[in-house]
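# Residue-level structural notes
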Amino acid sequence: MLYYSTTNPNHTATLEQAVTRALAADGGLYVPQRLPRLPRAFLRNMSAMSLPELGYAIAAYALNSDVPADVLRDIVTDTLNFDIPLVRTAGGNYVLELFHGPTMAFKDVGTRFMARLLNYYRSRHPEWRMLNVLVPTSGDTGSSVANSFHDMPGVNVYVLYPRGAVPLIQRAQFASLGGNVTAVEVNGSFDDCKRLVERAFLDKELNEAMRLTSATSINYARLVPQMFYYFWAYAQLSKLKVDTDNLVFAVPCSNLGNLASGLMAQAMGLPVKRFISVENQNNIFYNYVKTGVFTPKPTQYSIAPALDAGSPTNFGRIVELLGSHENICRHIHAYSYDDNQIIETIRQTYRDEHYLLDPHSAVAYRALAEDLQPGEIGVSLATAHPAKLKSLMEGIIAEPMPMPEQLTRFINSDLHVKKMSNGFTSFKRLLLHDTLG
Ligand SMILES: *Cc1c(COP(=O)(O)O)cnc(C)c1O
């Protein structure tokens, strides 16, 4: 199967090219020419499958034998070595908890899958010597990516983060690793970090000197495994004998990668009645749905930092998948909440339903409650463990919160950080110095 660029349908690539380059040379994102439809019998049989079995089957269909079966099976099995529980809250709503991976955020599945697939391609290209993964982060992406690639031979990871804007728990999750992971503190904003990485991909001299790729959700390899969530939720509901005819998913959105994955699952035949996209005050997609005009803005910081995106990267993919603004409105209801509404939702759900939502998960939970109609079954996606924002959460619920061991083991380590201005020349010098010595 071939993949084409969102900016030019005649610009095509193989899966290997799409995944190892991440961004098309014309600046577009890669989308599959045609996703295969799953047989109906497969959907019926899913509820008997384990998570790795289901993941492998979906990946094998989606990637259309572009990766050898035994390699793909190992990649998926290695990726999914933790639970994705579907819980029912006291209020009767379903929440799919996507945060039980190594860094306790939903990106673990996407980044682990991508890391293993890139590693497979790297092993077939000794001439690349090193593969250099660049990732700008406001917190979650950096830790997830760094942990997925840590200690992988032949790979260097550069995590760029804005000074003063990433909480210590999250910073420690990538800056304590050392080895092949370099944490770069940029004296600037998250948008500056993003811009530095984008410029690096377009810089001729850098690309001749070293093999660069991106690990953000512009990389198609991140989107494939995120489809598992939606199929898995459907399979768990079927197992519980819940009627899945009118299934609605609420998704906390930032760069719209997770939402794009949901739409891909639907395109492959998963029966989904509607998606609900939910943003924080960075409500770029919400405004697009309401007005038909897509207007990126500077990123605003909020208490749900992983939702802070002023220019959602996967927007072009959403348009390719659904075709028109009208069709987008048919498939997606959009919501957006500010910090006060997020706090109110966390408090209320904790008080009334004894369920603790983190700020990212809270937006989806609230939108689902507002949007769901009688006769529909709703699942909201919970994307981060509340302890990742411990002090904020303790302030909101006015109670101390235990820290999972998984998070504390990072905090007590030394951090290795390289500090830099927000100028491209310094970044380029840092990369070239590491490569050429
Ligand atoms: C990245 C992230 C999101 C947003 O996902 P997108 O695919 O960028 O829309 C939501 N919640 C958490 C906790 C995240 O880390």
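To be clear, the structure that these remarks concern was listed above.
To start, this report covers the structure provided alongside it.

With that settled, the discussion passes to the pattern of salt bridges. Where charged atoms of side chains with opposite charge meet at close range, the side chains can pair. All chains considered together, the criterion is met by 17 salt bridges. Across the pair E16 and R124 runs a salt bridge, and its minimum N-O distance is 3.1 Å. Note that E16 is positioned in helix α1 (residues 15-21) and R124 in the loop between α5 (107-123) and β6 (131-136), a separation of 108 residues in sequence. For R274, the salt bridge goes to E376, with nearest N and O atoms at 2.8 Å. Linking R274 in strand β11 (residues 274-279) with E376 in the loop between α16 (359-371) and β13 (377-382), this pair joins segments that are 102 residues apart in sequence. Residue classification places R274 among the buried residues on the basis of a relative accessible area of 6%.

What follows is about the packing of aromatic side chains. As enumerated under the stated definition, the model contains 14 aromatic pairs in all. Look at F249 and F275: their rings are 6.1 Å apart centre to centre, the planes differ by 20°, and that puts the pair in the stacked class. Within this pair, whereas F249 is found in strand β10 (residues 247-252), its partner F275 is found in strand β11, the two being separated by 26 residues in sequence. Overall, F275 belongs to the buried group, its relative accessible area being 0%. Relative to F315, the ring of F294 lies with its centre 3.8 Å away and its plane at 0°, an arrangement referred to as stacked. In this pair, F294 is assigned in the loop between α12 (284-291) and α13 (315-322) and F315 in helix α13, connecting sequence segments 21 residues apart. When its relative accessible area of 12% is taken as the criterion, F315 is described as buried. Three or more aromatic residues joined by ring pairs make a cluster, and in this case those are F285, Y288, F294 and F315. Here the guanidinium or amino end of R73 rests over the ring plane of Y56, the centre of that ring lying 4.1 Å away. When the ring centre of W128 is taken as origin, the NZ or CZ atom of R211, which lies over that ring, is 4.1 Å away.

In this section: the site of the ligand. The environment of the ligand is formed by 15 residues, the closest being K107, S254, N255, N258 and T383. N255 places a polar main-chain atom, nitrogen or oxygen, 2.9 Å from an oxygen atom of the ligand. In the model, an oxygen atom of the ligand is placed 2.9 Å from a nitrogen or oxygen of the N258 main chain. Here the shell around the ligand is composed, by residue class, of seven nonpolar, six polar and two charged.

A positive phi angle is found at A22, which is not glycine, with a value near 70°. Following the sequence through the fold, A22 ends up in the loop between α1 and β3 (30-32). When its relative accessible area of 1% is taken as the criterion, A22 is described as buried.

Contact geometry for helix α6 (residues 140-149) and helix α7 (residues 168-175): axes closest at 8 Å, N-to-C directions at 25°. It follows that α6 is roughly parallel to α7 by the angle criterion. The way α6 lies across α7 gives a crossing that is left-handed. Contacts between α6 and α7 involve D140, G142, S143, A146 and N147 from the former and Q170, Q173 and F174 from the latter. Considering only residue class, the contact of α6 with α7 consists of two nonpolar, five polar and one charged.

This part takes up the environment of A18. Tracing the chain through its elements places A18 in helix α1. On the basis of relative accessible area, A18 is assigned to the buried category, the value being 0%. A sequence separation of 203 residues divides A18 from A221, and the C-alpha atoms of the two residues are 8.5 Å apart. Filtering out sequence-adjacent residues up to four positions away, A18 remains in contact with Y3, A13 and Y30.

This paragraph deals with the nonpolar core. In this structure, L96, F149, F231, F249, L270, F285 and V379 are the most contacted members of the largest nonpolar core, which totals 104 residues. If one sorts the elements of this core by residue count, helix α10 (residues 220-239) sits on top with 14 residues. In this structure, I303, A364, A387 and M401 belong to the second largest nonpolar core, which totals 30 residues.

Turning next to the state of the cysteines. Applying the stated rule across the entire model yields zero disulfides. Among the cysteines around C253, which has no disulfide bond, C329 carries the closest sulfur, lying 14 Å off.

Moving on, we get to the sheet that holds β6. Sheet strands line up and pair through hydrogen bonds in the backbone, either parallel or antiparallel. Overall, parallel pairing links the five strands, which are arranged β9-β6-β7-β8-β14 in an open sheet. The open sheet terminates on both sides in strands that have one partner only, identified here as β9 (211-214) and β14 (417-420). Looking at each pair of strands side by side, their axes are set apart by 25° on average, direction ignored. The strands that helix α8 (residues 190-202) touches are β6, β7 (155-162), β8 (181-186), β9 and β14; relative to β6, the one it contacts most, it runs at about 150°.

Side-chain positions along a regular strand alternate between the two faces of the sheet. Side chains Y94 and L96 project from strand β5 (residues 94-97) onto one buried face, and the interleaved V95 and E97 project onto a second face that is buried too. Pairing between strand β4 (residues 86-88) and β5: three bridges, direction antiparallel. Pairing of R88 across the sheet is with Y94, part of β5. Hairpin connection of β4 to β5: five residues between the antiparallel strands, including G92 at a positive phi of 90°. Where β5 lies against β13, four bridges are found, and the strand directions are parallel. Residue pairing for β13: Y94 is matched across the bridge by V379.

Calculation criteria
Residues numbered from 1 in each chain as written. Predicted model: local features only at pLDDT ≥ 70, side-chain atom pairs only at ≥ 80, totals over all residues. Heavy atoms only, no water. Salt bridge = Lys/Arg side-chain N within 4 Å of Asp/Glu carboxyl O. Helix = DSSP H or I, 4+ residues; strand = E, 2+ residues; numbered from the N terminus. Buried < 20%, exposed > 50% of the residue type's maximum accessible area, 1.4 Å probe, protein only. Phe/Tyr/Trp six-rings, centres within 6.5 Å; stacked < 30°, edge-to-face > 60°. Lys NZ or Arg CZ within 6 Å of the ring centre and 35° of its normal. Near = heavy atom within 4 Å. Polar contact = N/O pair within 3.5 Å; in protein donor to acceptor, adjacent residues only side chain to side chain. Nonpolar A, V, L, I, M, F, W, Y, C, P; charged D, E, K, R; others polar. Axes fitted to C-alpha atoms, helices over the stretch in contact; angles between N-to-C directions. Parallel < 35°, antiparallel > 145°, perpendicular 65-115°, else oblique. Left-handed = near helix turned anticlockwise from the far one by under 90°. Contact = heavy atoms within 4.5 Å. Core = buried A, V, L, I, M, F, W, Y, C linked by side-chain atoms within 4.5 Å. Disulfide = S-S within 2.5 Å. Pairing = 2+ DSSP bridges.

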